[in-house]
Each structure stands twice: as C-alpha cells, then as structure tokens.
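A structural walkthrough
Read off the chains here:
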Amino acid sequence: MTMITKDVTPTVTGGGRSRGPSVPEQRTESTQAAAPGGRVSVAVYAEDLILQTGMVHQLRMRPEIELIPEEEADRAQVSLVVVDLVNEPTVQLLHRLQRNTTTRTGLVVGFFETGALQTLIEYGVAAVLRRGEADQDRLVHLVTAIAKGEGVLPGDLLGKLLDHVSSLHRTVLDPRGLSLSTLTAREAEMIRLVSEGYGTAEIAQKTSYSERTVKNVLHEVAARLELRNRAHAVGYAMRHGLI
C-alpha cells in the first residue's frame, strides 16, 4: 500500500529556511469511512521521509489500524501529524486539517514548547504524544482514543496548560471584571474532571451520576458550544475561565 509521503513546503525565517509538513486542501464535506473490521483509518503527515517511514513502520502491522493512501486522506478518521516541533508550517497544516470536520487530529512531536499548547487546542488537536515515548502500543492507544472522541495529553503538559490558562484568567479576565456563565455547575465540574484525566466511569463515580448521564452532559456541551471533542471542551472552558 502506498502511504502518504508529504512534500515539504519551505518557509523563509530570517536568513534560513525551516521545513514543515504540507497537505492538500481538505474538503469539509468529505465522507468519513470507517475502516473494515472496526479498524481505525489513519492518514500520516510527516515533515520528512525518515519520520514518515518510522511512523508507518510502527503502525502498519497492527490489526487495529488501516493506513490510508494519499489520494484518500480526506476520509481518514484520524490525521496523525509527526513533526520535530510546532512551527509555523505545522500550525498552517493543523489549520487546514481542521477544515475537514470528518477527521480528528493527533500530534506526535519531538520538542514541545508550553506556549504551543493553547494553539493546539484552538486548532482542535485531540491528543499529543512525545516522539521519545511513541512506541507501537502508545501510538495505537493514541489513535484509537482519538477515534473515540477522547483526548490524550501527557500529565506534565496538562499541568502546564492549566497553569498557563489560570495565569491568563487572572491577568486578562479578572481585571476586566468579566463573568462567564456558559456552563452549568454540573457541566463545569465534569469538564474539570476530564481536564484532570478522569474517564467516564470515574467521573460518574465522583459526581454520583450514571455513565450515560456523564456522556450525555459532555455531548450536550460539545454540541451547544460547537466543540470537536473532550480536549477541545477542556481548552474552551479553561480559555474562558469556566473551570
């Protein structure tokens, strides 16, 4: 099977060039197709052939995964972006992938700066994994979680994101006297628990609601606020000082 090997679009930065992944324009009305046998269909976008080959090698032998050829990339359930760092070309790619509402995006990154966290949330990135931790099992877990609408973020990065957004809330919202009330107390509590890494069953136990109720509440919040997934909901709530 021919895998996606993206050409690199050079970006002039000062006196040199930086390389980043590129992708054809995505169609927002494309039809998402589930892979045969319940497998997750994945399109891989890497900034160079070495990263592309390594990622494909990790995933191609796993029965849970169907790797999608380039000409069908817009029907993938999951778009997996593999880069050294989040730079301007990467952000442009994420923005273009976001236009395809039938796919969810995950990021495998070598070096991650704390300042990039909010950007990833804004562009609907559902999950992040460091390349140094990207063994086969973690990659499959990442992809299947994204396909289920879940978010995955390393604990230390989540802590840094919480600190960053808390700082923004204190310095930007509080001085202006802003009061945001787009979430009920129950909704805010459930999203706060999601931000702390709890799953549906754990949230149900902590809030004394059924798992069905938890799922319905989170789904209603996502639909009402036009959010893509739980990670996006957490980012939205934190950016607006709701949790």
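Residues numbered from 1 in each chain as written. Predicted model: local features only at pLDDT ≥ 70, side-chain atom pairs only at ≥ 80, totals over all residues. Heavy atoms only, no water.

In the annotation of an unreviewed UniProt entry, the protein is listed under the name LuxR C-terminal-related transcriptional regulator and assigned to Streptomyces poriferorum.

1. Section: the overall build of the protein
Which entries qualify depends on this criterion: In this text, helices come from DSSP runs of H or I with a minimum length of four residues, and strands from runs of E with a minimum of two, each type numbered from the N-terminal end. The cut-offs for exposure are 20% and 50% of the maximum accessible area for each residue type, with area from a 1.4 Å probe on protein chains only; residues under the lower value are buried, those over the upper are exposed, and the others partly exposed. Note on contacts: a residue pair is in contact if any heavy atoms of the two residues lie within 4.5 Å. In this description, accessible areas are obtained by the Shrake-Rupley approach with a 1.4 Å probe, and a residue is regarded as covered only by the protein chains that are shown.
Within the protein, the regular secondary structure consists of 9 helices and 7 strands. Counting every position in the protein, which comprises 243 residues, the buried fraction comes to 47%. For the protein, contacts bridging at least 24 residues in sequence account for 71% of all contacts bridging at least 6. Carbon and sulfur atoms form 49% of the exposed surface of the protein, whose accessible area is close to 12200 Å².

2. As for the confidence of the model for the protein
Using the following cut-off: pLDDT expresses, on a scale from 0 to 100, how confident the predictor is about each individual residue.
Model confidence for the protein is summarised by a mean pLDDT of 76, while 71% of its residues fall at 70 or above. A low-confidence stretch, residues 1-19 (pLDDT under 50), is modelled with 44 contacts involving residues beyond four sequence positions or located in other chains. When the criterion is pLDDT under 50, residues 173-181 qualifies, and its contacts beyond four places in sequence or with other chains add up to 12 contacts.

3. A few points about the packing of helix α6 (residues 185-195) against helix α8 (residues 211-224)
Defined as follows: Think of each axis as a best-fit line through the C-alpha atoms, taken over the contacting stretch in the case of a helix, with angles from 0 to 180 degrees between the N-to-C directions. Oblique is the label for any angle not under 35 degrees, not over 145, and not in the 65 to 115 range, which are roughly parallel, roughly antiparallel and roughly perpendicular in turn.
The geometry of α6 relative to α8 is characterised by a closest axis approach of 10 Å and an angle of 100° between their N-to-C directions. One finds that α6 runs roughly perpendicular with respect to α8. For the pair α6 and α8, the contacting residues are Arg186, Glu187, Met190, Ile191 and Val194 in the first and Thr213, Val214, Val217, Leu218, Glu220, Val221 and Arg224 in the second.

4. Topic: the environment of Ala237
Structurally, Ala237 is set in helix α9 (residues 230-239). Of the residues examined, Ala237 reaches a relative accessible area of 1% and is grouped as buried. Between the C-alpha atom of Ala237 and that of Ser195, which follows or precedes it by 42 residues, the distance is 9.7 Å.

5. Structural notes on the pairing of strand β7 (residues 125-130)
To keep it simple, the criterion reads: Only when DSSP finds a minimum of two bridges between them are two strands counted as paired.
Of all 6 residues that make up β7, 5 are buried, and the element is covered over most of its length. As defined by bridge partners, strand β6 (residues 104-111) adjoins β7 across 5 bridges and the pair is classed as parallel. Residue Val108 lies in a different strand from β7, and its bridge partner there is Leu129.

6. Focus on the sheet that holds strand β5 (residues 78-85)
With respect to topology, 5 strands assemble into an open sheet ordered β4-β3-β5-β6-β7, the strand pairing being parallel. Edge positions in the sheet fall to β4 (65-67) and β7, since each has one partner strand and no second. Neighbour-to-neighbour, the strand axes of this sheet turn through a mean angle of 30°, independent of strand direction. As paired strands, strand β3 (residues 40-46) and β5 are joined by 5 bridges and run parallel to one another. What sits directly across from Ala43, in β5, is Ser79. Its contacts with the sheet place helix α4 (residues 136-147) against β3, β4, β5, β6 and β7, and it is angled at close to 175° to β7.

7. Observations regarding unusual backbone geometry
A positive phi angle, near 65°, is found at Ser208, a position not held by glycine. Ser208 gets classed as exposed once you look at its relative accessible area, which sits at 67%.

8. A look at the pattern of salt bridges
Note that side chains of opposite charge can pair when their charged atoms are close. Note the threshold: In the sections that follow, a salt bridge refers to a side-chain nitrogen of Lys or Arg positioned within 4 Å of a carboxyl oxygen of Asp or Glu.
Taken as a whole, this structure holds 8 salt bridges when the rule is applied. A salt bridge links Arg62 to Glu64, with the nearest nitrogen and oxygen atoms 2.9 Å apart. On the basis of relative accessibility, which here comes to 16%, the residue Arg62 falls in the buried class. The partner of Asp84 in a salt bridge is Arg131, with the nearest N and O atoms 2.6 Å apart. Of this pair, Asp84 sits in strand β5 while Arg131 sits in the loop between β7 and α4, and the two are 47 residues apart along the sequence. Note on Asp84: relative accessible area 33%, which makes it partly exposed. With a relative accessible area of 31%, Arg131 lands in the partly exposed category. Salt bridges sharing partners connect three or more residues here, namely Arg62, Glu64 and Asp137.

9. Some details on the packing of helix α1 (residues 49-59) against α4
Between two packed helices, both the angle of their axes relative to each other and the distance between the axes serve to describe the pair. As a reminder of what qualifies: Think of it as three bins: nonpolar holds Ala, Val, Leu, Ile, Met, Phe, Trp, Tyr, Cys and Pro, charged holds Asp, Glu, Lys and Arg, and polar takes everything else, Gly as well.
One way to put it is that α1 packs onto α4 with a least axis distance of 9 Å and a crossing angle of 85°. In this view, α1 runs roughly perpendicular relative to α4, as classed from their interaxial angle. Two secondary-structure elements touch here, α1 through Met55, Gln58 and Leu59 and α4 through Gln136, Leu139 and Val140. For the contact of α1 with α4, the per-class residue count stands at 4 nonpolar, 2 polar and no charged.

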